[in-house]
Amino acid sequence: MTGPPARLPYRIEDLAHRSRTTVRTIRAYQDKGLLPRPERRGRANLYSDIHLTRLHQIAHLLDRGYTLASIKELLDAWDTGRGLGGVLGLVTEVEGPWTDEEPARITRTELEARFGGAPDEDAVAEAVELGVLEPVDGAPDIFLVPSPQELSVAAELHAAGVPLSAISGHLRELRGQVEHIAARFLEFTTEYVFARYLDDPTRRTDAHAAEAASLVRRLRPLAQQTVDAELARAMRVFAIQQLRTRLGAEDPPEPPGRTGSVDLPTETITAVENLVGRAHTSAFIALAAEREIRARALDELASSNRSRSELDESP
């Protein structure tokens, strides 16, 4: 394991003090294999700056929501004499903001003014639950707005006559669909780009981790650019269709390549992936559904024919 050169050795009490943890925690980390064993000198166990750095790394990952089990997997995978600086940089890159938008703050008075001037505690509670607003500790009349653009869209829709409850319901539905898109994009890029860094032990070095972090920075805007382009295309197609339908135009054209999403049990998706591979999962499910529809249509035709035959044969 590499790290900064060891300086004066620490006793476990000194290490606990410097790392702002406890002796009990340090011993628990050792038992779980998260910390290397100390150096034994006579009757004393001595620790170095390497142990101190590792404790800081563990605390850093815990603060980011990683469990001890996942931290151990991470350390085992990357700590083979090559250090953790690169992979921690990759973690920081992935967990950083994925937008240039800056959060803002808004007072309750300003919020009420933007949404008609009348207080609506139910709507505020719904916005907090959705994460559109975040309470500020010690300031009950101030909220953090992670995405001012999202709040502005809600204000514009409300000003146009859309009820707040409808806006919240639409956001919930939209969020589920967007999360599905994000998951598919990440599966796609992981399979074709990042798998070589994650699955190949020879690529678990600081240099390769830095290379992967650079790729994250390059690929980060691609998902949004793709969604923006496809959303613009779909909005145009469906807006034309809606307009023609509302104006009574005959035979409004069907949108080309219309697709939709449907929630399937995780067990079903996993079984299909094991059968045909992840790249063919969507096509397999679509073909299976189409085959079922055709089979039912054939059954219906056969049933109709039998019914007619029975009528013809009745006295």
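Model, not experiment: these values are computed from the prediction. Here, residues in each chain are numbered from 1, in the same order as that chain's written sequence. Note on the predicted model: pLDDT of at least 70 is required for a residue's local features to be given, and 80 or more for side-chain atom pairs to be given and counted; whole-chain, interface and lining totals, by contrast, use all residues. Side-chain metrics in this entry use all non-hydrogen atoms of the structure; hydrogen atoms and water are not considered.

**Remarks on the packing of helix α9 (residues 164-199) against helix α10 (residues 206-246)**
We count it as follows: Axis definition: a line fitted to C-alpha atoms, limited for helices to the stretch in contact. Angles are taken between N-to-C directions and run from 0 to 180 degrees. The helix and strand labels rest on DSSP assignments: H or I over at least four residues marks a helix, E over at least two residues marks a strand, and numbering proceeds from the N terminus. Working rule for angles: under 35 degrees goes down as roughly parallel, over 145 as roughly antiparallel, 65 to 115 as roughly perpendicular, anything else as oblique. By the definition used in this description, the sense in which the near helix is turned from the far one sets the handedness, with an anticlockwise turn below a right angle giving left-handed and a clockwise turn giving right-handed. It only takes one pair of heavy atoms within 4.5 Å for two residues to be counted as in contact. Only Asp, Glu, Lys and Arg are considered charged, only Ala, Val, Leu, Ile, Met, Phe, Trp, Tyr, Cys and Pro nonpolar, and every remaining residue, Gly among them, polar.
Here α9 crosses α10 at 150 degrees, and the two axes come no closer than 11 Å. Considered as vectors, α9 and α10 are oriented roughly antiparallel to each other. Seen along the crossing, α9 lies across α10 with a hand that is right-handed. For the pair α9 and α10, the contacting residues are Ile181, Phe185, Val193, Phe194, Arg196 and Tyr197 in the first and His208, Glu211, Ala212, Leu215, Val216, Leu219, Leu222, Ala223 and Val227 in the second. When its residues are assigned to classes, the contact of α9 with α10 shows 12 nonpolar, 1 polar and 2 charged.

**A few points about the sheet that holds strand β5 (residues 139-145)**
The condition is simple: Strands are treated as partners if at least two bridges between them are detected by DSSP.
Read from one edge of the open sheet, 3 strands run β3-β5-β4, paired in antiparallel fashion. Looking along the sheet, the strands with just one partner apiece sit at the ends: β3 (104-107) and β4 (134-136). Ignoring strand direction, the axes of neighbouring strands in this sheet form an average angle of 40 degrees. In this sheet, β5 lies alongside β4 in antiparallel orientation, the contact comprising 3 bridges.

**Let's talk about the pattern of salt bridges**
To keep things clear, this is the line we draw: Every case where a carboxyl oxygen of Asp or Glu lies within 4 Å of a side-chain nitrogen of Lys or Arg is listed as a salt bridge. Type-normalised accessible area, obtained with a 1.4 Å probe on protein chains alone, sets the label of each residue: buried when under 20%, exposed when over 50%, and partly exposed for intermediate values.
Summed over all chains, the structure comprises 7 salt bridges. In this structure, the salt-bridge partner of Arg108 is Asp141, at a minimum N-O distance of 3.4 Å. Within this pair, whereas Arg108 is found in helix α6 (residues 108-114), its partner Asp141 is found in strand β5, the two being separated by 33 residues in sequence. Taking relative accessible area as the criterion, Asp141 reaches 47% and is therefore assigned partly exposed. The partner of Glu187 in a salt bridge is Arg184, with the nearest N and O atoms 2.4 Å apart.

**Concerning the pairing of β5**
Sheet topology note: the β3/β5 ladder contains 4 bridges and is antiparallel. The residue bridging Thr107 from the neighbouring strand is Ile142, located in β5. Where β4 folds back on β5, the antiparallel hairpin that results is connected by 2 residues, among which Gly138 adopts a positive phi of roughly 80 degrees.

**Thoughts on the nonpolar core**
Within soluble globular proteins, side chains that are nonpolar tend to cluster in buried spots. Using the following cut-off: For the purposes of this section, nonpolar cores are sets of buried Ala, Val, Leu, Ile, Met, Phe, Trp, Tyr and Cys residues that join through side-chain atoms within 4.5 Å.
By size, the foremost hydrophobic cluster in this structure holds 17 residues, and its most contacted members are Leu15 and Ile26. Elements with a minimum of two residues in this core: α1 (12-19), α2 (23-31), α3 (49-63) and α4 (68-78). Top contributing element to this core by residue count: α3, with 4 residues. When sequence neighbours within four positions are dropped, the list of residues in contact with Ile26 reads Ile12, Leu15, Ala16, Thr21, Leu35, Tyr47 and Leu55. If you look at the next biggest cluster of nonpolar residues, it comprises 15 residues, including Ile106, Leu111, Phe143 and Ala155.

**Considerations on the confidence of the model for the chain**
In low-pLDDT regions, the fine details of the predicted coordinates are not to be read closely. Applicable threshold: The pLDDT score gives, residue by residue, the confidence of the prediction method on a 0 to 100 scale.
Mean pLDDT over the chain works out to 79, with 80% of the residues at or above the 70 mark. By mean pLDDT, helix α12 (residues 281-313) is the weakest element of the chain at 64, and β3 is the strongest at 94. Residue range residues 1-6 is modelled with pLDDT below 50. Its contacts to residues more than four positions away, or to other chains, number 14 contacts.

**Description of a nonpolar patch on the surface**
We apply this condition: Patch definition: residues above 30% relative accessible area lacking any salt bridge, with like charges linked at up to 9 Å and the nonpolar side chains Val, Leu, Ile, Met, Phe, Trp and Tyr linked at up to 5 Å. Using a 1.4 Å probe, accessible areas were evaluated by the Shrake-Rupley method; residue-level cover was limited to the displayed protein chains.
Where nonpolar side chains cluster on the molecular surface, the patch consists of Ile181, Val227, Leu231 and Met235 and spans about 360 Å² of accessible area. Ranked by residue count, the leading element in the nonpolar patch is α10, at 3 residues. Tracing the chain through its elements places Ile181 in helix α9. The exposure class of Ile181 is partly exposed, given its relative accessible area of 42%.

**Structural notes on the packing of aromatic side chains**
Basically, it comes down to this: Under the pairing criterion, centres of Phe, Tyr and Trp rings, with the six-membered ring standing for Trp, must be within 6.5 Å; the plane angle then separates stacked pairs below 30 degrees from edge-to-face pairs above 60, leaving the rest tilted.
The final tally for this structure, using the stated rule, is 1 aromatic pair. Ring geometry for Phe188 against Tyr192: centres 5.2 Å apart, planes inclined by 50 degrees, an arrangement best described as tilted. Placement of the pair is Phe188 and Tyr192 together in helix α9, with a separation of 4 residues, close to one helical turn. Look at Phe188 and you get partly exposed, because its relative accessible area is 48%.

**A look at α3**
How we decide: Multiplying 1.5 Å by the residue count of a helix minus one yields the expected span of that helix.
Given a rise of 1.5 Å per residue, 15 residues ought to cover 21 Å, and the 21 Å separating the end C-alpha atoms of α3 matches this to within 8%. Residues of α3 that are buried include every one of Asp49, His51, Leu52, Arg54, Leu55, Gln57, Ile58 and Leu61, and no others.

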